[in-house]
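Here's the letter readout for the chains.
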Amino acid sequence: MATKAKIGVLGASGYTGSELVRMLLRHPRAELVLLTAERSAGKPMREVFPQFSPYELPTLVAIEGLDWKALALDVVFCALPHATTQKVLKDLLAAAPETKVVDLSADFRLSDVGSYAKWYGHEHHAPELQKEAVYGLVEIHRRDIRKARLIANPGCYTSGAQLPLTPLIRNKAIDLDEIVIDAKSGMTGAGRSAKEAMLFSEVSEGFNAYGVGKHRHMAELDQEFSLAAGRPVTVTFTPHLLPQNRGILSTIYVRGRRGRTAQDLHEILSKFYAKEPFVHVLPFGETPHTRHVRGSNMTMIGVAADRIEGRAIIISALDNLVKGASGQAIQNMNLIMGFPETMGIDQVALFP
C-alpha cells in the first residue's frame with residue numbers, strides 16, 4: 001500500500017473533531033500526526049475523550065506558533081468556530097500551499113463574501129481563498145471536489161435538506177415557491193462548549209424551535225437551491241432541538257410541477273441515487289428514523305403522498321456528526337486524495 005496521508009485535525013477537542021479522530025483511526029490511508037485544541041492544549045487526547053485511551057495519538061497542541069511548512073501535512077480538517085478558520089487557513093496555505101483542506105466550519109460555504117458578512121456579522125477575512133473554495137456536498141459536486149484544494153464541508157441541516165431536494169429542483173419537478181423544511185437535530189449539533197440552554201435539565205423532556213426566521217443555514221440553502229434552479233430560490237426553514245445526542249430528521253413539504261405526483265418525485269430520487277453508496281431512497285411510502293442512520297455516513301430518504309392533491313412529503317434522516325459533518329469530510333478527503341470514496345466510512349448504522 002502507498003504511503004499514508006499525513007493528517008491534521010484542528011479543533012480535535014470538540015464533538016466534530018473527536019468524531020473525525022474516531023473514524024480516521026480506522027482509515028487505512030490516514031496517519032494522524034497533529035491534533036489541536038485551545039483550552040485542552042498540552043493534554044493527551046484520552047484525558048478529553050477517554051474512549052481513545054487504548055490508542056496512540058498525538059498530544060493536543062495549540063494552533064498558535066505551529067510551523068505549517070515543517071509539518072508538511074497532506075490534509076487538514078478544520079473543526080474550528082466560524083471566523084477562526086479564515087485566519088488560520090490564510091496562514092496555513094501561505095506557508096504550505098500543497099496542503100489540502102476540508103473546512104467543517106461555515107467560513108467558506110457562502111461564495112458571496114457580502115452574503116457572509118450579512119449573515120455572520122463581520123467581513124470575510126480571506127476573500128481570496130473564498131474564490132477557490134468548492135462546496136463539498138459530494139453527491140452534487142463530486143466532479144469539482146476532486147480538483148479542489150479547499151473544500152467547504154456543508155452544514156448538517158443543509159445536507160439533510162439538499163440531498164432530497166436538489167435532484168427535484170434540477171429536474172424542474174417541484175414548485176420552487178412552495179418548499180417548507182421542518183428540521184430537528186440532536187444536541188451535538190450545538191457543539192460541546194458549556195451553555196445554560198444545553199444543560200440536561202433545560203433540554204430533557206422538551207422540544208423547541210430556534211433561530212426561527214433567521215437561522216444562518218438559510219443563506220446556504222438559498223445559495224445551493226438557487227444554483228440548482230438557475231434562478232433565485234428562497235425556502236421556508238425552521239430548525240428544532242431534540243432531546244437526543246445525534247441525528248437530524250427533516251420533514252419537507254413540496255408541490256409537484258406540471259402534474260408530477262409524489263410517486264414521480266420518488267422515481268426521480270430513486271434513479272438519481274441508485275448508485276450512490278451513502279444515500280438510500282426507501283420504497284415509496286416508507287419513512288426513515290434517525291436511529292436507522294446513527295453512527296453511519298448514510299442518508300435515508302422517504303417519500304409519501306400528502307392527502308392534498310399534488311403535494312408530497314419527503315423525510316430525510318442522517319447523523320449530524322457523520323454525514324452531517326465528519327463522515328462527509330472524510331468522504332471529501334477520499335475524493336481529493338484519490339482514495340476510494342467509501343474508504344474508512346462505510347460502517348453500518350449502530351442499532352439499537
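Residues numbered from 1 in each chain as written. Predicted model: local features only at pLDDT ≥ 70, side-chain atom pairs only at ≥ 80, totals over all residues. Heavy atoms only, no water.

Caption draft 1: Structural detail: the sheet that holds strand E3 (residues 75-78). Spatially, the 6 strands line up as an open sheet ordered E2-E1-E3-E4-E6-E5, and their pairing is parallel. Each edge of the open sheet is held by one strand with a lone partner, namely strand E2 (30-36) and strand E5 (134-135). Across 6 bridges, the pairing between strand E1 (residues 5-10) and E2 is parallel. Of the residues in E2, the one forming a bridge with Leu10 is Thr36. Packed on one face of the sheet, helix H12 (residues 322-337) meets E1, E3, strand E4 (100-103) and strand E6 (150-152) and runs near 160° to E4. (Pairing = 2+ DSSP bridges. Helix = DSSP H or I, 4+ residues; strand = E, 2+ residues; numbered from the N terminus. Contact = heavy atoms within 4.5 Å. Axes fitted to C-alpha atoms, helices over the stretch in contact; angles between N-to-C directions.)

Caption draft 2: Geometry of the nonpolar core. With 39 residues, the main nonpolar core has Leu165, Ile169, Ile179, Ile181, Phe225 and Val254 as its most contacted residues. Elements with a contribution of two residues or more to this core: helix H8 (156-170), strand E7 (180-185), helix H10 (217-229), strand E10 (248-255), helix H11 (262-272), strand E11 (279-281), strand E12 (299-305) and strand E13 (311-318). The dominant element in this core, judged by the number of residues it contributes, is H8, at 7 residues. Residues in contact with Val254, not counting those within four places in the same chain, are Leu165, Ile174, Glu178, Ile179, Leu265, Gly310, Arg311, Ala312 and Ile314. Leu60, Val75, Ala325 and Ile336 belong to the second largest nonpolar core, which has 38 residues in total. (Core = buried A, V, L, I, M, F, W, Y, C linked by side-chain atoms within 4.5 Å. Buried < 20%, exposed > 50% of the residue type's maximum accessible area, 1.4 Å probe, protein only.)

Caption draft 3: Structural detail: the pattern of salt bridges. Following the criterion strictly, the structure yields 13 salt bridges and no others. For Arg311, the salt bridge goes to Glu178, with nearest N and O atoms at 2.8 Å. Placement of Arg311 in strand E13 and of Glu178 in the loop between H8 and E7 is noted, with a sequence separation of 133 residues between them. Between Asp182 and Lys184 there is a salt bridge whose closest N-O contact spans 2.8 Å. On the basis of relative accessibility, which here comes to 22%, the residue Asp182 falls in the partly exposed class. Note on Lys184: relative accessible area 15%, which makes it buried. Sharing partners across several salt bridges, the network here consists of Glu19, Arg22, Arg246 and Asp319. (Salt bridge = Lys/Arg side-chain N within 4 Å of Asp/Glu carboxyl O.)

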